[in-house]
Amino acid sequence: MNPSARVVITGMGWVTPLGHDIETVWSRLLAADSGVKPIRRFDAKTFPTTFAAEVEGYDHRLFVRDPSLHETAGHHTGFALGAAAQAWAQSGLQAHRDAGKLDPERLGVYLGSGEGSLDFEPYVGACLAGWPEGARELDAPAWAETALRLASAEAEIEQEPNMPLAHLALEFEARGPAYNCLTACAASVQAIGEASQILQRGDADVMLTGGAHTMIHPFGVTGFNRLTALSNRNDDITTASRPFSRDRDGFVMGEGAGILVLETLEHAQARGATPLAEVAGYGSTADAYRITDIHPEGRGAAGAMRQALDMAGVSRGDIDWIAAHGTGTKENDSIETRAIKAVFAPPEGPDAPAPTDFSAVPPVSSIKSMMGHLIAAAGVVQCIAAVLAIRDSKIPPTANLRDPADDCDLDYVPLEARDVASAGGSVDTVLSNSFGFGGQNDAVVIRRV
């Protein structure tokens, strides 16, 4: 392990509800555009929530070298293929490979991807056949016969969360370390952090990392509705995602993917690549509290942030923007705010009163206010936004924030993007937070090289 080895980003790509390329999505984020529309993937008119942020007008076959290799790809895999193609092209690694200088066994993939869309109609058809009206027990033969007749083996396997990894390995001939983690909404940041450590251990030369996910299907929306986690603001859908607002009522489901190309700075420089930014620090903790509730003091979230800052060797005052998890749920936003305060404005001693001046806390904002919550892929798209914020010294806004809650009293960059450069400043270091059900907390520091 060489913890002093610097890990850099040399390529990045995303497929999101706001678009399918870096510049389109970034310009829409800075303009506070919304990607939220009525759900079209299935008929949701009887659901408590009838809207989401879907990826539209996208065909993964336009991004791959041989579409026949990916004919059965699910939505999540298709998103990952497009995002990875963008990242690969930007990295310039194909020329390196063509010159015989990239060992496929030294090219790895570490994703934090979730499941694809459920093959819903065959599943429900089998269930209805196996539980006819008035039945008191499962008719297993009827269930199995109907499932065998209706279901597709390819569609079934393509739902699995490891399938984006399998397709990316195939597409890019990556035969090195291969992992997928599904730690809920923290997954893609965990993947980035652990991919960085694989490089520092010397177990690979290049890692493709990030995540992909869609839960915009009947079971996904039903599950989050039953948890009362989704906004029900069906009469005002484009402003329904309201992180840190007094009247926030839940998050808006999104979908998509983000992929980064990571390598050590030494490896990037040796092949003449231009680093986009550095993955400088990573922290990962567990709340050890409850399955779906965050610890009320945000202890796990604060711990992950401190770890990331410590690993990066930066002080609180070095952070120019906090890319918040910022989901728009009552619990997350107030507790994340509390955790940020614990890290960036702590009491001066064990018996000191809680501070009341938070002017030293850096700006905080949530891009989920515009593109919705991409679940397992949410963290990596924040990291891409962090790289772009550093490039342009602009901070994307928290859209729809007109009336902050009393316990959300930080600078959340409301409504409009902030042009730091125009004020004579710069964005050099960003802390990005991702927290998941089960009490998983991950944070990463992205820094200018």
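Structure's up top.
Keep in mind the model is a prediction, meaning the values are calculated, not measured. Numbering of residues starts from 1 in each chain and follows the order in which that chain's sequence is written. A pLDDT threshold of at least 70 governs which residues receive local features in this predicted model, and a stricter bar of 80 or more applies before side-chain atom pairs are shown or counted, although totals over entire chains, interfaces and linings include all residues. Side-chain measures were taken over the full set of non-hydrogen atoms in the model, leaving aside hydrogen atoms and water.

## Quick word on the sheet that holds strand 1 (residues 7-15)
The pairing criterion for strands is at least two bridges between them, as found by DSSP. Numbering goes from the N terminus for both helices and strands, where a helix is a DSSP run of H or I of at least four residues and a strand is a run of E of at least two. Across the sheet, which stays open at both edges, the 10 strands sit in the order 5-4-6-7-1-8-14-13-9-10 with mixed pairing between neighbours. With partners counted over all chains shown, the strands left at the sheet margins are strand 5 (178-180) and strand 10 (364-365), one partner each. By the bridge criterion, three bridges tie strand 4 (residues 107-111) to strand 5 in an arrangement that is parallel. The residue bridging Val109 from the neighbouring strand is Ala178, located in strand 5. Packing of helix 7 (residues 163-172) onto the sheet brings it into contact with strand 4, strand 5, strand 6 (206-214) and strand 7 (255-264), and relative to strand 4 it is tilted by some 160°. Set on the sheet, helix 14 (residues 378-392) makes contact with strand 1, strand 6, strand 7, strand 8 (277-286), strand 9 (321-323), strand 13 (429-436) and strand 14 (440-447); between it and strand 1 the angle comes to about 115°. The criterion used for residue contact is that any of the two residues' heavy atoms lie within 4.5 Å. Between N-to-C directions, angles span 0 to 180 degrees; the directions come from axes that are lines fitted to C-alpha atoms, helices contributing only their stretch in contact.

## Some details on helix 9 (residues 218-226)
Think of it in three bands: residues with accessible area under 20% of the maximum for their type are buried, residues over 50% are exposed, and the middle band is partly exposed, with areas taken using a 1.4 Å probe on protein chains only. Along helix 9, the residues that are buried comprise Pro218, Gly220, Val221, Phe224 and Asn225. The secondary structure elements touched by the buried residues of helix 9 are helix 4 (120-130). One or two steps after helix 9, the chain reaches Thr228, where phi turns positive at roughly 55°.

## A word on the side chain of Asn441
Its place among the elements puts Asn441 in strand 14. A relative accessible area of 2% places Asn441 in the buried class. Of the polar contacts made by the side chain of Asn441, one reaches the backbone oxygen of Gly439; its length is 3.1 Å. If sequence neighbours within four positions are ignored, Asn441 has contacts with Gly283, Ser284, Thr285, Ala286, Asp287, Gly300, Ala301, Ala304, Ser434 and Phe435. Pairs of N or O atoms within 3.5 Å make up the polar contacts considered here, provided that, within protein, one atom can donate a hydrogen while the other can accept it, and that residues adjacent in sequence are counted only when both atoms are side-chain atoms.

## Some remarks on the packing of aromatic side chains
Each pair of aromatic rings taken from Phe, Tyr and Trp, with Trp reduced to its six-membered ring, is defined by centres within 6.5 Å and is described as stacked if the planes are under 30 degrees apart, edge-to-face if over 60, and tilted in the remaining cases. Tallied over the full model, the rule gives 10 aromatic pairs. With 5.5 Å between their ring centres and 90° between their planes, Phe120 and Phe219 make a pair best called edge-to-face. Taken together, the residues span a long stretch of sequence, with Phe120 in helix 4 and Phe219 in helix 9 at a distance of 99 residues. Residue class for Phe219 comes out partly exposed when judged on its relative accessible area of 42%. Taking 5.1 Å as the distance between ring centres and 75° as the angle between the ring planes, the aromatic pair formed by Phe224 and Phe251 counts as edge-to-face. Of the two residues, Phe224 sits in helix 9 while Phe251 sits in the loop between helix 9 and strand 7, which places them 27 residues apart along the sequence.

## Some words on the layout of surface pockets
Put simply, the grid is 1 Å and covers the protein atoms alone, a cavity is a trapped set of points that fit a 1.4 Å probe, a pocket is an open set with protein on both sides within 12 Å along at least five of seven lines, and lining residues have an atom within 4 Å of a point. Grid points are joined across faces, edges and corners, and a volume is the space filled by probe spheres set on the points. Within this model, the largest pocket holds a volume of roughly 560 Å³. Lining the largest pocket are 33 residues, with Ala229, Thr292, Ile294, Thr329 and Phe437 sitting closest to its centre. Within the residue set of the lining of the largest pocket, elements represented by two or more residues are helix 12 (330-344), strand 13 and strand 14. Of all the elements, helix 12 adds the most residues to the lining of the largest pocket, at three residues. All amino acids are sorted into three groups, where Ala, Val, Leu, Ile, Met, Phe, Trp, Tyr, Cys and Pro are nonpolar, Asp, Glu, Lys and Arg are charged, and the leftover types, Gly among them, are polar. Grouping the constituent residues of the lining of the largest pocket by class yields 12 nonpolar, 14 polar and seven charged. In this structure, the second largest pocket spans a volume of roughly 480 Å³.

## Quick notes on the pattern of salt bridges
A side-chain nitrogen of Lys or Arg and a carboxyl oxygen of Asp or Glu constitute a salt bridge if their distance falls within 4 Å. In this structure the tally under the stated criterion is 24 salt bridges. Here Arg242 and Asp247 are joined by a salt bridge, their closest N and O atoms 2.6 Å apart. When its relative accessible area of 11% is taken as the criterion, Arg242 is described as buried. A salt bridge links Arg271 to Glu263; the shortest N-O distance between them is 2.6 Å. Each of the two residues, Arg271 as well as Glu263, counts as buried. Salt bridges sharing partners connect three or more residues here, namely Arg6, Glu278 and Arg447.

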